Amino acid sequence: MLEYENLNKVNAPYEAEFIPAFKSFLENGMYILNGEVDQFEKEFARYCGSRYCVGVASGFDAMYLSILTLDLPKNSEILVPSNTYIATIFSIIKAGYKPVLVEPEIRSYNIDPEGIEAQISSRTRAIMIVHLYGRPCELDPIISIANQYGLTIIEDCAQAHGATYRDKKVGSFGTTGAFSFYPTKNLGALGDGGAIVTDNEEIAAKLKALRNYGSETKYFNKYIGINSRLDELQAAFLRIKLRKLEKVNDHKRKLAEEYLRKIVNSEIVLPIPMENGEAVWHIFNVRHPRRDELKKFLLTKGIGTEIHYPLPPHQQSSCKKLFRGQQFPLSELIHQTTLSLPISTFHTVNDIEYISEVISKSER
Ligand SMILES: *Cc1c(COP(=O)(O)O)cnc(C)c1O
C-alpha cells in the first residue's frame, strides 16, 4: 500500500536527534518559553529572511494574533481567497472582522489579483493571501494593489515553508507571515505549533505579549492577550527539523517534477509551472472531472489519496449564513474536482513513477 501520509515514517529519520533533545529538555526543567523557543525563533526568522519571529501554539493563532496587532476599526473587511482551508477564514471572524471572499485563478488556485480589486470597499483594510498547496501567490500585482489602496497584507504560509517568489521567501512580503507547524506540514512538529515572522519591531513585541496573556513584564498585563505559546519541546524538535527543511523541499520538488513528466492523461489537469516563484509542494493536486471515481480506482491499485478540500468554506454549515446568496463557482469547481496525490518525504521517485503509470493508464 502506498499511503498518502505516514507521520511515523516522516519523523523516524530524526529519532536519533529527537531523543537527546528530549532528554536535555527534561533535565533542564524549564518547560515554558525558554531557550529552545528563543533559538528556534532566531533560526526560523533567519531562514525566512525576516527580522523577527514569534512562536505561537498553532497556525490559527499565528493568523488570529497577526490580525489583532493591526488594531483595525470595527466593521473592517479583510479579503481572503474563497478556496482556502477554513482556518484562514475563521481567524478573521474570531478576530472580530468580516471576511470577504475572493475567487482564485483557476490556473494557480491562488487568489486572483483582479478579483481583489473588484471586492475592495471603503471598509477593506487588509488582504489575507494564502500560498495554497505550497505555491507562492503572484505577489507583484497583489503588492501593487495593496499599496494603491493602503491595505495591509497578511500571508498565510501554513502550506509554504521555504517557497520563494523572485528568490525571496514567502512570509517576508506581508506585514506578517503566519506559519503552522501542524505535523503534516513541510516543517511539522510532533504536535501543534505555529509562528509569525515580521520585519516590524513593534508588531513583533506586541505579538510576544499577546501570546502570553498580554504581558511584557511578568504579572503585568498590558493587553488582553491569550495563552498561545509555542511549546518548548516542540521548538526543540522543530530546530532539528528546520536544518533539513531545504532537503525536504528539494525532495518534494523532485517528486513533483516526476509527476509532471510522467502523468499523461488528457482528463487530468496538472499544476502549471510558475515563472516568478518556486513552490514547495506541500500538496501535489490534480483535477479530474470524475474525481471520486479516480480516487476509488487508485485505492484499488493500493494508492492512497486525499481531497484538499471536499467542501468550500462558503458551503460549510458554520459559514452558510455569513455568505448567504453569494456564489463562488471557481472555488466550487476546484472543490469538486481536486485530488491530492502522495508526495511525502518517504515516497520515492519509483513510487511516483508507479502512481503516474496507473493514472496514465486509467484514461478511458
Ligand atoms: C494547516 C493550515 C492552517 C491551520 O494551521 P493549524 O496549525 O492547524 O492551526 C491554516 N491555513 C492553511 C492554509 C493550512 O493549511
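Quick notes on the rules
Residues numbered from 1 in each chain as written. Predicted model: local features only at pLDDT ≥ 70, side-chain atom pairs only at ≥ 80, totals over all residues. Heavy atoms only, no water. Salt bridge = Lys/Arg side-chain N within 4 Å of Asp/Glu carboxyl O. Helix = DSSP H or I, 4+ residues; strand = E, 2+ residues; numbered from the N terminus. Buried < 20%, exposed > 50% of the residue type's maximum accessible area, 1.4 Å probe, protein only. Near = heavy atom within 4 Å. Polar contact = N/O pair within 3.5 Å; in protein donor to acceptor, adjacent residues only side chain to side chain. Areas by Shrake-Rupley, 256 points an atom, 1.4 Å probe, with all protein chains shown as cover. UniProt positions renumbered as here; feature names shortened; annotations may be inferred. Contact = heavy atoms within 4.5 Å. Pairing = 2+ DSSP bridges. Axes fitted to C-alpha atoms, helices over the stretch in contact; angles between N-to-C directions. Core = buried A, V, L, I, M, F, W, Y, C linked by side-chain atoms within 4.5 Å. Disulfide = S-S within 2.5 Å.

- As recorded in an unreviewed UniProt entry, the protein goes by the name dTDP-4-amino-4,6-dideoxygalactose transaminase, listed as coming from Daejeonella lutea.

### Comments concerning the pattern of salt bridges
Alright, step 1. Counted under the stated rule, the structure contains 21 salt bridges.
Alright, step 2. Note that E278 and R253 form a salt bridge whose closest N and O atoms lie 3.3 Å from each other. Placement of the pair is E278 in strand β12 (residues 277-278) and R253 in helix α10 (residues 245-262), with a sequence separation of 25 residues.
Alright, step 3. Among the residues examined, E278 registers a relative accessible area of 40% and is labelled partly exposed.
Alright, step 4. Note on R253: relative accessible area 10%, which makes it buried.
Alright, step 5. Here the residues in one salt-bridge network are E258, R261, K262 and E353, joined through shared partners.

### Here we look at the site of the ligand
Alright, step 1. In the vicinity of the ligand there are 14 residues, among which G59, D156, Q159, S180 and K185 approach most closely.
Alright, step 2. The separation between an oxygen atom of the ligand and a polar main-chain atom of G59 is 2.8 Å.
Alright, step 3. Taking D156, its side chain carries an N or O atom lying 2.8 Å from a nitrogen atom of the ligand.
Alright, step 4. Taken by itself the ligand offers 380 Å² of open surface, and the protein chains cover 90% of this.
Alright, step 5. Listed by contribution, the elements that provide at least two residues to the shell around the ligand are α4 (59-69) and α5 (86-94).

### Focus on the UniProt feature "active site" (unreviewed entry) in the protein
Alright, step 1. In the numbering used here, UniProt assigns the feature "active site" (unreviewed entry) to K185.
Alright, step 2. In this fold, K185 is placed in the loop between β8 (176-180) and β9 (194-198).
Alright, step 3. Given the relative accessible area of 15%, K185 is considered buried.
Alright, step 4. Sequence-distant contacts of K185, defined by excluding residues within four places in its chain, comprise A158, Q159, H161, S180 and H282.

### Observations regarding the sheet that holds β9
Alright, step 1. Spatial strand order, β1-β9-β8-β5-β4-β2-β3: 7 strands in an open sheet with mixed pairing. The open sheet has two free edges, formed respectively by β1 (52-56) and β3 (98-102), since each of these has just one partner strand. Averaged over all pairs of adjacent strands, the angle between their axes in this sheet comes to 25°, without regard to strand direction.
Alright, step 2. Here strand β5 (residues 152-156) pairs with β8 via 3 bridges, running parallel. Residue pairing in the sheet places I154 in a bridge with T176 of β8.
Alright, step 3. Across the sheet, α4 touches β1, β2 (77-81), β4 (124-130), β5, β8 and β9, and the angle it forms with β8 is around 160°.
Alright, step 4. Contacting β1, β8 and β9, helix α8 (residues 201-210) crosses the sheet at an angle of about 20° to β1.

### What about the nonpolar core?
Alright, step 1. Residues I67, I78, I92, Y97 and M128 are the most contacted members of the largest nonpolar core, which totals 30 residues.
Alright, step 2. Within the residue set of this core, elements represented by two or more residues are β1, α4, β2, α5, β4 and α8.
Alright, step 3. In terms of residue count, the dominant contributor to this core is α4 (5 residues).
Alright, step 4. Sequence-distant contacts of I67, that is, excluding residues within four places in its chain, are made with I78, S91, I92, A95, Y97, M128 and I154.
Alright, step 5. Counting residues in each nonpolar core, the second largest holds 23 residues, with C48, A160, L238 and L245 among its members.

### Side note on the state of the cysteines
Among covalent bonds in proteins, the disulfide is the one between the sulfur atoms of two cysteines.
Alright, step 1. In total, this model carries 0 disulfides according to the counting rule given.
Alright, step 2. You can see C53 has no disulfide; the closest cysteine sulfur is in C48, sitting 7.0 Å from it.

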